Amino acid sequence: MKHILKKILSRKIINRLKIMLTYVDKKIISIARRSQWLAGLYYFIVSSQFRREMHAVLNGRFHFDNVKDSNKPHTFMLRRNIHRIEKGLCMVPRKPIFAVDYIEETVRKFETCMSLQCIEDTEYEWVHDVLEHYFSVVGQTSEINTAKKIFDRTRKNIKGALKNKKIPFAYKRIDAVGIKFDDFKTLCENRHSVRWFKSKRVPIHLIEQSIEVAVTAPSACNRQPFKFHIFDDPKQAKIIGSIPMGTAGFAENFQCVIVVVADLSAYPFEKDRHIIYIDSSLATMQLLLALELHDLSSCVINWPDIERHERQMAEKLELESYQRPIMLISVGYGEAEGMIPFSDKKTLKNVVWTAK
């Protein structure tokens, strides 16, 4: 009896303390919200909610330009600069001389990525073709001439010119899409968040085909700072799917789980830290629709920015400090009798604002 009373009293004390701390926190917030400086002080002294993000952003900035020092060499900076050159090639009217301030940096990064063998064949083709086209149309300066020598030296060890050039092209070359608007609308309306799946393995090749569609989504400077970690073994899917909050009660029937992970080493500035969420979300939406065409149902699982969960996922996926989980996606064949929330959507008048 004494033991039970102690438990009840300790719970009451804990609950009372929680109420007091919440009250104090609200009072502090009412003051801290009044200026950016006070808000920064609040998150420095009172709350640690953004510490992992700050740590990840700084590590991302460090690794952006330190390809040689990274244990996982990347091509993010190279991809960014090549896309910048592409935009210069597409300008109307096109400047006779452009990209002077970063062309040498670009070809040296190309040289580094080639020496470290961190550039894929298809990626190489794109970089090679854009640079070759750039040097064939741009005017001459000492900086451009120096960069061209480095480029020519770098590609000497590579096989000859490629047949299908991956360079900017005219809009008229894009084929008309044969899909009708009503068909696409039906696809979007029929796609629902499904939480109950049949005990049936999801073919990995269908996931991979859908990801091939996902990566065609728009991406800032074509950096595509995301990876899809696939767990197609039901046992593993259940373990990974139970890490975030919000899956209690239905994670046990997961057949396949995809963790979308983004890489902050794709960016040199803090101002770009939110692009990982934008780019990952754009790709994920295309992935969901592609899965639907394979008769595979899915459910996006929100990722909680909570330290304990972050650590657990980082350990499971062996993530670097600059890599962050964005969301999870459960995938499977929907159970016919499984229930689905109606989830009524907002009307146009609630989501559209028209400039007067």
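Here the structure is shown first, and the text comes after it.
Residues numbered from 1 in each chain as written. Predicted model: local features only at pLDDT ≥ 70, side-chain atom pairs only at ≥ 80, totals over all residues. Heavy atoms only, no water.

*Asks:* Sorry if this is basic, but what is going on with the overall build of the protein chain here?
*Replies:* Summing up its helical and strand segments, the protein chain has 13 helices and 4 strands in all. For the protein chain, buried positions account for 38% of its 356 residues. Total accessible area computed for the protein chain in this model is approximately 22800 Å², and 56% of it derives from carbon and sulfur atoms. Counting 56 positive and 41 negative side-chain charges, the protein chain places the centres of these two groups 8 Å from one another. (Helix = DSSP H or I, 4+ residues; strand = E, 2+ residues; numbered from the N terminus. Buried < 20%, exposed > 50% of the residue type's maximum accessible area, 1.4 Å probe, protein only. Areas by Shrake-Rupley, 256 points an atom, 1.4 Å probe, with all protein chains shown as cover. Lys, Arg positive; Asp, Glu negative; His and termini not counted. Charge placed at Lys NZ, Arg CZ, Asp CG, Glu CD.)

*Asks:* Before we go on, may I ask you to explain a nonpolar patch on the surface in this structure?
*Replies:* A contiguous nonpolar patch, built from Tyr23, Val24, Ile28, Trp37, Leu41, Phe44, Ile45 and Val46 and spanning about 860 Å² of accessible area, is present on the exposed surface. Mapped onto the nonpolar patch, the elements with two or more residues apiece are helix H1 (2–32) and helix H2 (36–45). Looking at the nonpolar patch element by element, the count peaks at 4 residues for H2. Within the secondary structure layout, Val24 lies in helix H1. Take Val24: its relative accessible area is 43%, and that puts it in the partly exposed class. (Patch = residues over 30% accessible without salt bridge, like charges linked within 9 Å, V, L, I, M, F, W, Y side chains within 5 Å. Salt bridge = Lys/Arg side-chain N within 4 Å of Asp/Glu carboxyl O.)

*Asks:* In this structure, what is going on with helix H3 (residues 51–64)? I would like to understand it.
*Replies:* Helical geometry: 3.6 residues make up each α-helical turn, so side chains three or four residues apart lie on a common side. An ideal rise of 1.5 Å per residue puts 20 Å on 14 residues; H3 measures up with 20 Å between its terminal C-alpha atoms. Residues of H3 that are buried: Glu53, Ala56, Val57, Asn59, Gly60, His63 and Phe64. Here the buried face of H3 lies against helix H4 (76–90), helix H11 (275–293) and strand E4 (323–332). (Expected span 1.5 Å × (residues − 1). Contact = heavy atoms within 4.5 Å.)

*Asks:* I'm lost on the pairing of E4 in this one. Help?
*Replies:* If a strand is regular, its side chains alternate between the two faces of the sheet. Of all the 10 residues making up E4, 10 are buried; the element is thus mostly covered by neighbouring parts of the structure. In this structure, strand E3 (residues 297–302) lies alongside E4, joined through 6 bridges in antiparallel fashion. Following the sheet pairing, Cys299 is matched in E4 by Ser330. (Pairing = 2+ DSSP bridges.)

*Asks:* In this structure, what is going on with the packing of aromatic side chains? I would like to understand it.
*Replies:* Each aromatic ring pair is described using two quantities: the centre-to-centre distance and the angle formed by the ring planes. Across all of its chains, the model carries 11 aromatic pairs by this definition. Between Phe226 and Phe228 the ring centres are 5.6 Å apart and the planes differ by 55°, which places this aromatic pair in the tilted class. Neither residue differs from the other here; Phe226 and Phe228 are each classed as buried. Between Phe250 and Phe254 the ring centres are 5.7 Å apart and the planes differ by 70°, which places this aromatic pair in the edge-to-face class. Exposure remark for Phe250: the relative accessible area of 10% places this residue in the buried category. What links up through ring pairs into an aromatic cluster is the set Phe98, Phe110, Tyr124, Tyr134, Phe135 and Phe151. Directly above the aromatic system of Tyr102 lies the positively charged group of Arg84, at a separation of 3.8 Å from the ring centroid. (Phe/Tyr/Trp six-rings, centres within 6.5 Å; stacked < 30°, edge-to-face > 60°. Lys NZ or Arg CZ within 6 Å of the ring centre and 35° of its normal.)

*Asks:* Help me understand the side chain of His309, please; the structure alone is not making it clear to me.
*Replies:* Of note, His309 is situated in helix H12 (residues 307–317). Of the residues examined, His309 reaches a relative accessible area of 7% and is grouped as buried. Sequence-distant contacts of His309, defined by excluding residues within four places in its chain, comprise Ile243, Pro244, Met245, Trp303 and Pro304.

*Asks:* What should I look at first to understand H4 in this one?
*Replies:* Over its 15 residues, H4 runs 21 Å from end to end, which matches the ideal 21 Å to within 8%, given 1.5 Å per residue. The buried fraction of H4 is high, at 11 of 15 residues. Those residues of H4 lying buried are Phe76, Met77, Leu78, Arg79, Arg80, Asn81, Ile82, Ile85, Glu86, Gly88 and Leu89. Close packing links the buried residues of H4 with H3, helix H5 (103–116), helix H6 (121–137) and strand E2 (256–263).

*Asks:* Please explain the sheet that holds E4 as it appears in this structure.
*Replies:* In any sheet, the strands associate via hydrogen bonds between backbone groups, in a parallel or an antiparallel arrangement. Here 4 strands make up an open sheet; going across it, the order is E1-E2-E4-E3 and the pairing antiparallel. The open sheet terminates on both sides in strands that have one partner only, identified here as strand E1 (226–231) and E3. Each adjacent strand pair in this sheet contributes to an overall mean axis angle of 25°, direction not counted. Set on the sheet, H12 makes contact with E1, E2 and E4; between it and E4 the angle comes to about 75°. (Axes fitted to C-alpha atoms, helices over the stretch in contact; angles between N-to-C directions.)

*Asks:* How should the environment of Ser242 be read in this particular structure?
*Replies:* One can find Ser242 in the loop between helix H10 (234–241) and E2. A residue is classified by how much of its surface remains accessible, and Ser242, at 44% relative accessible area, is partly exposed. Once the C-alpha coordinates of Ser242 and Phe254 are considered, the two residues, 12 residues apart in sequence, prove to be 9.5 Å apart. If near-sequence neighbours (up to four positions away) are discounted, Ser242 is found in contact with Thr247 and Ala251. Within the local environment of Ser242, its side chain forms a polar contact with the backbone oxygen of Ile239, the two atoms lying 2.7 Å apart. (Polar contact = N/O pair within 3.5 Å; in protein donor to acceptor, adjacent residues only side chain to side chain.)

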